[in-house]
Amino acid sequence: MLAELTTGNKVTGAKQVTRALKNGAARRVFLAQDADDRVTEPVLHLCQELGVETETVPTMAELGRACGIAVGSAVAALCQ
């Protein structure tokens, strides 16, 4: 599923993902397992409230690479 992030419409970072969730644009959210829970937990809870599918990625570095950025990412969302 990470392959979709390389070519699809996406946002990265907790603020942008939260905004996409609230706007109804996010269709799947990716959470890095090694990210700080203070960053990922609020996003996870919002996904559960809104019924948005989540997927766990082992590392922030892997998620960042999948998104095409040079740094790690704690959360990312595939948008419509």
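Thresholds, definitions, all that
- Residues numbered from 1 in each chain as written.
- Predicted model: local features only at pLDDT ≥ 70, side-chain atom pairs only at ≥ 80, totals over all residues.
- Heavy atoms only, no water.
- Pairing = 2+ DSSP bridges.
- Helix = DSSP H or I, 4+ residues; strand = E, 2+ residues; numbered from the N terminus.
- Axes fitted to C-alpha atoms, helices over the stretch in contact; angles between N-to-C directions.
- Salt bridge = Lys/Arg side-chain N within 4 Å of Asp/Glu carboxyl O.
- Buried < 20%, exposed > 50% of the residue type's maximum accessible area, 1.4 Å probe, protein only.
- Arc of directions from axis to C-beta.
- Contact = heavy atoms within 4.5 Å.

Student: Give a description of the sheet that holds strand E2 (residues 26-32) that names residues and reports values.
Tutor: Strand order in this open sheet of four strands is E1-E4-E2-E3, and the pairing throughout is mixed. Here the strands that pair on one side only, and so sit at the sheet edges, are strand E1 (10-12) and strand E3 (53-57). In this sheet, adjacent strand axes meet at a mean angle of 20° when their direction is disregarded. Sheet topology places E1 next to strand E4 (residues 75-79); three bridges connect them, and they run antiparallel. What sits directly across from lysine 10, in E4, is leucine 78.

Student: Quick rundown of the environment of alanine 61? Include the residues and the values.
Tutor: As for its placement among the helices and strands, alanine 61 is situated in helix H4 (residues 60-67). Sequence-wise, alanine 61 and alanine 74 are 13 residues apart; in three dimensions their C-alpha atoms are separated by 8.7 Å.

Student: Describe the pattern of salt bridges, listing the residues and the values that go with them.
Tutor: On inspection of all chains with the given rule, the structure shows four salt bridges. With a closest N to O distance of 2.7 Å, arginine 28 and glutamate 4 form a salt bridge. Taken as a pair, arginine 28 in strand E2 and glutamate 4 in helix H1 (residues 2-7) lie far apart in primary sequence, 24 residues in all. The buried category is assigned to arginine 28, whose relative accessible area is 10%.

Student: Hey, could you go over helix H2 (residues 14-22) for me, with residue numbers and the actual values?
Tutor: Looking only at H2, the buried set comprises Val17, Ala20 and Leu21. Down the axis of H2, the buried set is contained in an arc of 100°. They therefore lie on one face. The exposed set on the far side of H2, more than 90 degrees from its buried face, consists of Lys15 and Lys22. Tucked into the core, H2 has its buried residues touching E1, E2, helix H3 (37-50) and E4. Where H2 ends, the next residue or the one after it, glycine 24, has phi of about 80°, a positive value.

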